[in-house]
Amino acid sequence: MKFPQRLVIVSAASCMLLVYIVILYSQALMQLWNSDQDVRIKRSLDQALNGRLGQTSALELDKCPHFRFMSPNTTISTFDLPAKTNYKIYTNMQYLIPHQPLESAYYPDIEPLTVIVLPHSHVDPGWLRTIDDYYVYQVKNILNNMVKKLNAYRNMTFVWAETVFLSMWWNELDDDVKVQVRHIIARGQLEIALGGWVMPDEATTTYTSVIDQLVEGHQWLWENVQVRPKNSWSIDPFGHSGTMPYLWKLSGQDKMVIQRVHQAIKGTLAGTKSLEFYWQQYWDRSGKDSILCHIMPYMLYGLHHTCGPDKFVCSMYDYRKVPIENTRVASKQVTEENVAEQAKYLYEQYRSKAGLYRYNTILVPLGDDFRYDFEIEWDQQYHNYNALMQYMNAQKEWKINVKFGTLEDYFSQIRIEETRKRKWGNEYKFPILSGDFFPYSDQNHAYWTGYYSTRPFDKRFSREVESILRSADLLHVMAYFYFKQWNKAYSSYHENTASLQQAHRNLALFLHHDAITGTAKPYVVQDYEFKLLQAYNFSQDVMGCALQALLSKGKFQSPRLFNPETIRSTFKDPSMRRTVSVVKLGTKVVFFNPLPYDRAEFVQLIVDTTQFEIRNSKNEVIPYQVNPIWVASTVVHKEAFEIVFHVHIPPLGVETYTLYPKDDSKKHWARISMYNTLELEVDRELKFEQDRPRHGGSHVGRVEIENQYLIATFETIHGMLQDIRDKRTGNTTNIHFDFLHYVSQGSGAYLFFPKGSASPFIQSIPVIRVITGPFVSEIQVLFPNLYHSIKLFNHPGLQGEVLHIQNALDMHVLNMKDREVIMRMSTDVKNKNFTFFTDQNGFQLIGRKTVRENRIETNYYPMTSMVVLEDQYKRLTLHSGQPHGTSSLEQGWVEVMLDRQLLYDDERGLGEGIWDNKLTMSKFILQIEYRDMPPAEEMKFTYPTLFSHLVSEHLQQPIQKVFTPINSDALAQSFLPSGQSLPCDVTILSLRNLINSDLVYNSTSFIVHRKNYICGFTSPPLPCSSNNTGTFLIRELLKDVKFSDLRETTLTHINTLRTIADDKLQLSPMEIKSYLLSL
Ligand SMILES: [Zn+2]
């Protein structure tokens, strides 16, 4: 082996690390030689390694921060838990949760036990009814009764989580009731926990949107009731993400409660009394951002499942008896005669539950969905429990103290016990856990992995709203600031501010765990869609208005000139591009780059002519490519065309490109090639180059599209991708695409339960169109109601390094009952041990391991922005523009579920299947990266490369476009607020104005995230710096913005951490920091 000798030259500083890498390298090399991989890859990796390692210095490794953080510093990793878990189902259809025998309640050596009984009501902002119906018929009553009864029963408590309902209620309250609410809170009887706008779903939401709804909720709470939540309460989301504990902690909450964790995993944790732990991020070696988490042990959060292990016993302690309800009630009112007997059974349940935890304090939630809506229930629960508590507390030999309390009461008690006992040894310390809790199963091997993909139309819709709203926020902040600077009145301020507030709240509502999950009734879904459409339109309005104000330097605020280029005409249609009409004096198209990095890329527009030229803001003529628009599968539109041209837009910048009528413009007509049809109808006037249509029949042909870097090859029967070749290195990756379907045997809105493996779902031969040109080449495959396209841009930057994929699927029209459609890639990536990575909320990548012996649905995981497959040589990343369920069932495979049409209910409360499918678009980017260093180790988590982060940002934050036929000199050609790009690893999560209830400006929220990234892959040049100091200046980003005050705060801005004298911001890798600027 030639390699080890070369090590002699390394510097002492990096010696240890290099020894480690050498071991890994030797292992890697052995496997290399044993494999049948392309010799070229071996050679290039070999050369790269020798070169790279010879030069590696401590400084270089310092630039690649992942090296220091790859080994988690935790006692429990959820990655390892499945192997230790007993998944057996017992006769009652349940997984096993170990419990103390009931007799243990009477052992002579029992220790004193404190029981905190926690009244609560779980209120969904939409599920079987709309949010408004729930409010009017139930929630309003719950809250009104709460004030009355907590005033009457001073030892009773209540916990509330959803701020959206508080805000609806608050608007109707008299001032004196508001004062009473504040008093109840001040007395510690009412605790607002979590305090988000909603209790968000944790599988399908992005971290930016989760933060945004938390800001919305916390700001409301602070302004109206002066509350800063200290404890998170997230009891109904269907599985729990590892990202949320970090966000809750940053927002000032240092304890949390969750419920829907796989019951078998709960059993494993309970076995070592680990249902309470510090939840620490894999990458957080210090543990400074960890949070104390309590998992509720039993199957549901309702009071029939919370007093102890026996749900039949617990249901005897539900004292609700509402006259108009004729449900059978197991409980008997507590009387002097029966109190002893009732107390005894309950006491035994409490003692048994206590055996699951390390400390002698237990939490017993006393509530359920929409409980306490009738006044009488408050009295019934209170009086009966009060009588039981008095009796139990009087039994000295029971050594028990039962009382009503809040989460804060509970956690204070166990914290005290921990501090007191931890000096006695490790067994009393809380364990440290890293990872997450997906997938979720409640009982009977039923896996809640279907909802990751249920109602994908709405999942995609919300992602679009998210990006448009973010752009509108950025532009509105800039308009607000520049009007101040210009000393002019921002006349649309109130209108825009009100629109943005509504848009934020509508999107926040959609994060609710029955909204984005797709698990509500159809008419409730429609209600969400109306609200998303309103948010979409409001954001477009604000964006157009602010752009006009900024380009006219505030002179020209009305009438509105700009039309959005992309619209949604109704709540049930996907977004559509509008046709830009080229007018005599020139049509202006304005582009906004919402990213804080320089951006150069090809854009596409639909226009009504090809007789025009494009000029940029410097009046230079820009060439363009003309692509066909289709009126039918083989008929080209005579009067509409897609044009593709290159734009360059600085960070957060606005640039105008003007389309002037002209006969002989610099344009390139695309070439059209058709497969599997003999038809192609193109008007004679049009200059498209054409190949003679070919009928493929059963003969498998090949067709390629290429750019300067890549060649993608497709077969011509189904138009599916076969491989991608990198022209620079000669490396080829085999990637076979397939569209398949699972047949359901019990899937529903929540559950995925397929009957066997997936099979091809379309038998017909599709028409294939291949459009090639100098700027972009594309293959378009037309199955009945499934459109699939892959594009390659001929771009020297990141746009040219990846494949752009788009699908449009309409299962409703296809009449595919009880089917679940997937897109699968089978590749030659040899991922070890069936390990792959999925993102969590777009914030981090977490390791998954497929267990091939187990059923398919157990190996499904949520992805919101990417799934990664890698081996010794390369990494394949599928970026996604919307959330999906995903899996890697065999080595080299990746699949994502695109849609599901299900006739039957899955018995989780919805009461029906899902068959309101609509035409649904999905967007992906496929990226392949080749290693120039071997992987560090087998990893439980990883990071994207810096380049991959940028690709993701481009997909999630597309350039926004508006246009106007009015070519007025009053509008400047450009608006460039930024001095320079932020470092590539720093991203803006939020730049928005905060306001009070009267829409008066309060301050500006600026939330930034410094990403961490992995090195060791060949990277193209990046449009931003990758210097890893983590420091940047706001004045470099926003060169003209002057602010009177800059403070670092907790995540949602309700606590100030420190004032910053200069404008220098400093972040560590993975850190999210929040700032308040006063403009
Ligand atoms: Zn719920």
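Residues numbered from 1 in each chain as written. Predicted model: local features only at pLDDT ≥ 70, side-chain atom pairs only at ≥ 80, totals over all residues. Heavy atoms only, no water.

Moving on: the sheet that holds strand S25 (residues 689-690). Read across the sheet, 12 strands follow the order S25-S24-S31-S32-S33-S34-S43-S40-S39-S36-S37-S44 without closing on themselves; strand pairing throughout is mixed. If you trace the sheet from one side to the other, it starts and ends with S25 and strand S44 (941-942), each paired once. The sheet strands contacting helix H19 (residues 946-956) are strand S39 (866-870), strand S40 (874-880) and strand S43 (920-930), and the helix crosses S43 at an angle near 165°. (Pairing = 2+ DSSP bridges. Helix = DSSP H or I, 4+ residues; strand = E, 2+ residues; numbered from the N terminus. Contact = heavy atoms within 4.5 Å. Axes fitted to C-alpha atoms, helices over the stretch in contact; angles between N-to-C directions.)

Glancing now at unusual backbone geometry. For residues besides glycine, phi is generally negative; the peptide bonds are generally trans as well. A cis amide bond links Phe438 with the next residue in sequence, Pro439, at an omega value of -5°. Relative to the assigned elements, Pro439 resides in the loop between strand S11 (432-434) and helix H15 (456-486). One non-glycine residue, Lys553, lies in the positive phi region at around 50°. In this structure, Asp818 is a non-glycine residue whose phi angle is positive, near 55°.

For the rest of this paragraph, the subject is the pattern of salt bridges. Applying the stated criterion across every chain, the model contains 53 salt bridges. A salt bridge links Glu689 to Arg671; its shortest N-O distance comes to 2.8 Å. With a gap of 18 residues between them, Glu689 in strand S25 and Arg671 in strand S24 (residues 671-675) connect regions that are remote in the sequence. Classification of Glu689 as partly exposed rests on a relative accessible area of 40%. Because the salt bridges share partners, they merge into one network encompassing Lys288, Asp289, Glu1048, Arg1058, Glu1071 and Lys1073. (Salt bridge = Lys/Arg side-chain N within 4 Å of Asp/Glu carboxyl O. Buried < 20%, exposed > 50% of the residue type's maximum accessible area, 1.4 Å probe, protein only.)

Buried residues dominate S24, accounting for 4 of its 5 residues. By the bridge criterion, 2 bridges tie S24 to S25 in an arrangement that is parallel. Opposite Ile672, over in S25, you have Gln690 as the bridge partner. Where S24 and strand S31 (residues 767-772) come together, 5 bridges link them in antiparallel fashion. Bridge pairing in S31 places Arg671 opposite Thr772.

Of all hydrophobic cores here, the largest spans 285 residues; its most connected members are Trp160, Trp233, Tyr350, Leu926, Phe1006 and Ile1072. For this core, the element with the highest residue contribution is H15, accounting for 15 residues. Sequence-distant contacts of Trp160, defined by excluding residues within four places in its chain, comprise Ser121, Val123, Val139, Ile142, Leu143, Phe165, Leu166, Leu190, Glu191, Ile192 and Ala193. Among the nonpolar cores identified, the runner-up in size contains 33 residues, and Val582, Phe645, Tyr657 and Ile959 belong to it. (Core = buried A, V, L, I, M, F, W, Y, C linked by side-chain atoms within 4.5 Å.)

Feature annotation in UniProt places "domain: Glycoside hydrolase family 38 central" (unreviewed entry) on residues 446-532, given in this structure's numbering. Each end of residues 446-532 is marked by a C-alpha atom, and these two atoms are 31 Å apart; helix forms 69% of the span and strand 0%. (UniProt positions renumbered as here; feature names shortened; annotations may be inferred.)

The next point concerns the environment of Leu585. Checked against the element boundaries, Leu585 lands in the loop between strand S15 (579-580) and strand S16 (587-592). With relative accessibility at 67%, the residue Leu585 sits in the exposed group. Considering only alpha carbons, one finds Leu585 and Gly355, 230 residues apart in sequence, at a separation of 80 Å. Leave out the neighbours within four places in its chain, and Leu585 touches Tyr660 and Asn967.

What follows deals with the coordination of the zinc ion. Listed as protein donors to the zinc ion are His122 (NE2), Asp124 (OD), Asp236 (OD) and His513 (NE2); their distances from the metal cover 2.0 to 2.1 Å. The buried category is assigned to Asp236, whose relative accessible area is 5%. Note on His513: relative accessible area 1%, which makes it buried. (Donors = N, O, S within 2.8 Å, 3.2 Å for Na, K, Ca; no water.)

As a packed pair, H15 and helix H16 (residues 493-510) sit with axes 10 Å apart at the nearest point and diverge in direction by 150°. By the angle class used here, H15 and H16 are roughly antiparallel. Crossing of H15 against H16: the hand is left-handed. Along its contact with H15, which presents Asp458, Ser462, Val465, Glu466, Leu469, Ala472, Asp473, His476 and Tyr480, the element H16 presents Tyr493, Asn496, Thr497, Leu500, Ala503, His504, Leu507 and Phe510. Of the residues assigned to the contact of H15 with H16, the class counts are 9 nonpolar, 5 polar and 3 charged. (Parallel < 35°, antiparallel > 145°, perpendicular 65-115°, else oblique. Left-handed = near helix turned anticlockwise from the far one by under 90°. Nonpolar A, V, L, I, M, F, W, Y, C, P; charged D, E, K, R; others polar.)

Moving on to the pairing of strand S22 (residues 654-661). Burial analysis of S22 places 6 of its 8 residues in the buried class, the great majority of the element. Two elements, S16 and S22, share 6 bridges in a ladder whose sense is antiparallel. Bridge pairing links Phe592 to Val654 in S22. Pairing geometry for strand S18 (residues 612-615) and S22, over 4 bridges, is antiparallel. The residue bridging Arg615 from the neighbouring strand is Thr658, located in S22. The pairing of S22 with strand S46 (residues 974-975) spans 2 bridges and is classified as antiparallel. Note on S46: the bridge partner recorded for Val654 is Phe975.

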